[in-house]
Each structure stands twice: as structure tokens, then as C-alpha cells.
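Residue-level listing of the chains:
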Amino acid sequence: MNIKILDHKDFEHVLSCSDPETGLEAIIAIHDTTLGPSLGGTRMWQYPNKEAALKDVLRLARGMTFKAAAAGLNVGGGKAVIIGDTKKDKSEQMLRMYGKFIDTLEGQYITAEDVGTTQNDMDVIRKTTEYVVGISGGSGDPSPFTAYGTYLGIKTAVKEVYGTDELSGKTIAVQGVGSVGYQLCKLLYQEGAQLVVSDLDNTKISKVKSEFEAQVVTTKEILEVECDVFAPCALGAVINDITINQLHCKIVAGSANNVLAEDKHGTILNELGILYIPDYVINAGGLINVADELTGYNEFSVMQRIRNIPLTIKKILALAKAQHISTNAAADQFVQDRLSSKSVKGGEAL
Ligand code: NAD
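Only a predicted model underlies this, so the values are computations on that prediction, with no experimental measurement involved.

## Side note on the overall build of the protein
Here comes step 1: Of the regular secondary structure elements, the protein holds 12 helices and 13 strands.
Here comes step 2: The C-alpha radius of gyration computed for the protein amounts to 20 Å, which stays within 12% of the reference 20 Å derived for 350 residues, consistent with globular compactness.
Here comes step 3: For the C-alpha atoms alone, the extent of the protein along its principal axes is close to 60 × 45 × 40 Å.
Here comes step 4: A buried classification covers 54% of the 350 residues belonging to the protein.
Here comes step 5: Considering the protein, the positive charge centre built from 34 side chains and the negative charge centre built from 43 side chains are found 2 Å apart.

Next up, the structure:
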């Protein structure tokens, strides 16, 4: 196993590892451990080259710092990528070697599953390192927890805009009804919201249509739906130069990561009078759930922490108003403040 240190401005450690025998090509990026050991999943993807993998891991690791800090967790931000085709290149030997690579960091980086890796992979990695969460018998599927936090965040936004968090009669357009989107639709439907949904997968659409009386539109139309809330639960960068003028909603609040193509789109939403709930704040339920494994998993305390998401959103909205800045800029500032004060709130934090 050859480990190379890749110095990178603004990151605590960036290391690459290659092991010709098992075919392992991986990069671990530790962005910030001010609040605790860095936690973030391992993505396995067929990147076109090492530069593309590095760019992705740096972006993702930084994002984890922000998400964990905003969630009140005492963990830092880190992420890892394995370069390769999950079908052809993944093997037990490779994952065991990858576990050894993680182990060299002595707990500064703790991994979990992400795109291209599974709970089963985490079980294999656990054989060579203890610094892994999301293993069998652990915290389980994060999606219902992410959906619950997103649902609470939507209610908080609705209260801000309409003066009541009542969802009955509100029209909510959900883009993507996969793991999180489906669970979110269920919670919204139970409260009487009228759903408009879209997905590339017709089986998923049929299920939501029949179970929750949802109106189905095309993947293009979902952006233009006249609605109270647009909830992106599929892709990143969905609010961009082209789509931003197509919106007919009062609120953008969903589970997708990196909803805004660029920070400026948060400012434009603000100018258009559309309330944007920052993605990494509203979608932290899954991270809160998996991070709880670090102290011995307890679903009750996970739910309590997720119920704090609305509180954080309210603080961020107040900050945005007071400083006349976009809500995404306010969220970033909220995180920076927490990092610089290294504050730990008794019951809330790990
Ligand atoms: P998923 O893959 O289960 O679901 C995504 C769905 O979006 C799929 O059904 C897919 O067909 C659909 N989709 C893709 N492109 C689309 C398009 N153009 N229009 C409409 N639908 C489209 O993923 P998920 O786990 O439900 O995650 C959804 C989003 O939430 C992702 O952005 C993910 O990064 C984010 N997120 C998920 C979690 C979690 O706990 N799973 C946590 C935090 C953030």
C-alpha cells in the first residue's frame, strides 16, 4: 500500500492510497476536525481521472463539515472516494486494504456508506478498521430520518411564510420520489398536503400516485408547478441560471444535496421573494442518525436531535433577516460562528 500526502489549502489532511495488488485507488480528505473526528461516507465512482476524484472528494468533505456543524454534532467533515467501477473493481481484498488505509489515520476519519458502497461493504471494511459506522446492526437506513427532518423543515418554512405550519391544502411539488422523496410524501400526505410529483422511474411514480393521491407531472414540468413548496429530492444544482426563472413557488425546501448551482442563486431566490431553506441544514437527519452510532445508537436521542432542525432553521432565518443576506449565506455564517467558538451545546451535541 503506497500512501501519499497531497497538501491542500484549507484542508487538514488529504491522502491518496494506491495498492496495485488489490487495485485500490482511494483518496481521503479531512476538511476540519475542530468539532471532533471527521465523519463522511466513502463514494466509489468511475472518475475519468485522479483530478476529478480529488475535486469531488474535496467538495464533499467540506460539505460534511458544514452539515455536521449546523446539526449541532461534535464531528468534523471528511469524505473518501475509491476510484473504480463498483461492478468490476470492488472486491473483499480491496475493501480490507481500504480499511487498513483508514486505520492509518487513527480515528481522525470515520467512514460510512455513500454512492457506490453498501452496508455490506462497511461490514467488510470493519474487519480491518474500527473507524466505520453504518454496519449491520447499527443505525440502519438513513432515508426515513432525512425525510423526517426535511418534513419538519418544510413546516418551519411554511410557518415563516404563511404564519401557520398547517400543511392541509398546501400544494407541495416533490422532485424525485426515491428513498427520501417517498418517505417525505408519506408524511406530507398524512397532514393533508396536496402532492405533485415527478420521477424518471415510473414504478416509483405509480406507487406514490396510488398511495398518496399525488398528481404526476413530467420531470420538466415539476419545476414550473404553481405551488407553495418546491421540494427537490433528486439531483444537485437543480436551481441554476435556467431553472430559477421557471419556479412558481413560495418556498424551496427539500432533501437534495447542493440544491443551488452557485451561491448567487440563493441571493436571487431571496430577491424573487422565494424562501430557500439551506440544503445541508434541512437534510441532516441521515447524518444525525448515523453519527449516533459513535456513542452507542439510541433512536430516541436521534429523533430529539432531528427535532432541533427547525430551531436551527429559525436561527438562520433570523440571521438572514437581521443582516439582509441570503439564507444560504446566513447558514454558512452560522456554521463559521460555531466552528470559531467551538461551542458545544449540552444535550444537543454528541
Ligand atoms: P434515491 O436515488 O433513492 O432517489 C432519487 C430519485 O430521484 C430516484 O427515484 C430518481 O429516479 C429520481 N430522479 C433522478 N433524476 C430526476 C429528475 N431529473 N427528475 C425527477 N426525478 C429524478 O436517492 P435518495 O436517497 O432518496 O436521495 C435523494 C436526494 O437527497 C439526493 O440528492 C441525496 O444526495 C439527498 N440526501 C439523501 C439522504 C439520505 O438519507 N438518503 C441524506 C441527505 C441527502
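## Here's the deal with the pairing of strand β2 (residues 13-19)
Along a regular strand, successive side chains alternate from one face of the sheet to the other.
Here comes step 1: Counted residue by residue, β2 has six buried out of seven residues, so it is predominantly covered.
Here comes step 2: Relative to β2, strand β1 (residues 2-5) runs antiparallel, the two being bridged by four bridges. Looking at the pairing, Ile3 lines up with Cys17 of β2.
Here comes step 3: Hairpin geometry of β2 and strand β3 (residues 24-32) is characterised by an intervening segment of four residues between the two adjacent antiparallel strands and by a positive phi of about 80° at Gly23.

## Points about the packing of helix α5 (residues 179-190) against helix α6 (residues 202-212)
Here comes step 1: Between α5 and α6, the shortest axis-to-axis distance is 11 Å and the interhelical angle comes to 10°. The angle between α5 and α6 falls in the class roughly parallel. The handedness of the crossing between α5 and α6 is right-handed. Between α5 and α6, the contacting residues are Tyr182, Cys185, Lys186 and Tyr189 on the first element and Lys207, Val208, Glu211 and Phe212 on the second.
Here comes step 2: Each residue belonging to the contact of α5 with α6 can be placed in one class, and the counts come to five nonpolar, no polar and three charged.

## A few points about the packing of aromatic side chains
To describe a pair of aromatic rings, one takes the distance between the centres and the angle between the planes.
Here comes step 1: According to the stated counting rule, one finds five aromatic pairs in the structure shown.
Here comes step 2: With a centroid separation of 5.4 Å and an interplanar angle of 45°, the aromatic rings of Tyr182 and Phe212 are classed as tilted. In this pair, Tyr182 sits in helix α5 while Phe212 sits in helix α6, placing the two residues 30 residues apart along the sequence. The same class applies to Tyr182 and to Phe212, which are both buried.
Here comes step 3: One aromatic cluster is present, formed by Tyr182, Tyr189 and Phe212 through successive ring pairs.
Here comes step 4: Of note, Lys170 hangs over the ring of Tyr162, and the distance from its end group to the ring centre comes to 4.4 Å.

## Describing the packing of helix α11 (residues 309-323) against helix α12 (residues 327-341)
Here comes step 1: For the pair α11 and α12, interaxial distance at closest approach is 8 Å and the crossing angle is 110°. In this view, α11 runs roughly perpendicular relative to α12, as classed from their interaxial angle. α11 and α12 meet at a crossing whose hand is right-handed. Contact residues: Thr312, Lys315, Ile316, Leu317, Leu319, Ala320 and Gln323 in α11; Thr327, Ala330, Ala331, Gln333 and Phe334 in α12.

## Here's the deal with the side chain of Ser255
Here comes step 1: Mapped onto the secondary structure, Ser255 falls in the loop between β12 (251-252) and α7 (264-271).
Here comes step 2: Not counting residues within four places of it along the chain, the set of residues in contact with Ser255 comprises Thr146, Thr150, Val180, Pro232, Cys233 and Asn283.

## Let's talk about the domain arrangement of the protein
Here comes step 1: The domains assigned to the protein are domain 1 (2-63 + 78-125) and domain 2 (143-286 + 295-337).
Here comes step 2: Distance from the C-alpha centre of domain 1 to the C-alpha centre of domain 2: 29 Å.

## A word on the site of the ligand
Here comes step 1: Close to the ligand lie 21 residues; Thr146, Ser179, Val180, Asp199 and Lys204 are nearest.
Here comes step 2: In this structure, Asp199 approaches the ligand through a side-chain N or O atom, which is 2.6 Å from an oxygen atom.
Here comes step 3: Here Asn257 contributes a side-chain N or O atom positioned 3.0 Å from an oxygen atom of the ligand.
Here comes step 4: In isolation the ligand offers 820 Å² of accessible surface; the protein chains occlude 75% of this area.
Here comes step 5: Of the residues belonging to the shell around the ligand, the class tally is seven nonpolar, 11 polar and three charged.

## Remarks on the nonpolar core
Here comes step 1: With 65 residues, the main nonpolar core has Ile154, Ile172, Val174, Leu188, Leu195, Val197 and Ile306 as its most contacted residues.
Here comes step 2: The element contributing the most residues to this core is helix α4 (residues 143-162), with eight residues.
Here comes step 3: If you count residues domain by domain, this core takes at least three from each of domain 1 (2-63 + 78-125) and domain 2 (143-286 + 295-337).
Here comes step 4: For Val197, the residues in contact, after removing those within four places along its chain, are Val174, Val177, Cys185, Ile205, Val208, Ala214, Gln215, Val216, Val217 and Ile222.
Here comes step 5: Residues Met94, Met97, Tyr109 and Val124 belong to the second largest nonpolar core, which totals 22 residues.

## Points about α12
Here comes step 1: Taking 1.5 Å as the rise per residue, α12 with 15 residues should run 21 Å; its terminal C-alpha atoms sit 21 Å apart, in good agreement.
Here comes step 2: Every buried residue of α12 is listed here: Thr327, Asn328, Ala330, Ala331, Val335, Arg338 and Leu339.
Here comes step 3: Contacts from the buried residues of α12 go to β3, α1 (50-70), α7, β13 (275-276), α8 (279-282) and α11.
Here comes step 4: Just beyond α12, the residue with positive phi is Lys342, at close to 50°.

## Some details on α4
Here comes step 1: End to end, α4 covers 28 Å across 20 residues, agreeing with the expected 28 Å (1.5 Å per residue, within 8%).
Here comes step 2: Of all 20 residues in α4, 15 are buried; the element is thus mostly enclosed.
Here comes step 3: Downstream of α4 by one or two residues, Gly163 has phi in the positive range, about 85°.

What counts, and where the lines are drawn
Residues numbered from 1 in each chain as written. Predicted model: local features only at pLDDT ≥ 70, side-chain atom pairs only at ≥ 80, totals over all residues. Heavy atoms only, no water. Helix = DSSP H or I, 4+ residues; strand = E, 2+ residues; numbered from the N terminus. Rg over C-alpha atoms; globule rule 2.2 N^0.38 Å. Buried < 20%, exposed > 50% of the residue type's maximum accessible area, 1.4 Å probe, protein only. Lys, Arg positive; Asp, Glu negative; His and termini not counted. Charge placed at Lys NZ, Arg CZ, Asp CG, Glu CD. Pairing = 2+ DSSP bridges. Axes fitted to C-alpha atoms, helices over the stretch in contact; angles between N-to-C directions. Parallel < 35°, antiparallel > 145°, perpendicular 65-115°, else oblique. Left-handed = near helix turned anticlockwise from the far one by under 90°. Contact = heavy atoms within 4.5 Å. Nonpolar A, V, L, I, M, F, W, Y, C, P; charged D, E, K, R; others polar. Phe/Tyr/Trp six-rings, centres within 6.5 Å; stacked < 30°, edge-to-face > 60°. Lys NZ or Arg CZ within 6 Å of the ring centre and 35° of its normal. Domains from an automatic or database assignment. Near = heavy atom within 4 Å. Polar contact = N/O pair within 3.5 Å; in protein donor to acceptor, adjacent residues only side chain to side chain. Areas by Shrake-Rupley, 256 points an atom, 1.4 Å probe, with all protein chains shown as cover. Core = buried A, V, L, I, M, F, W, Y, C linked by side-chain atoms within 4.5 Å. Expected span 1.5 Å × (residues − 1).

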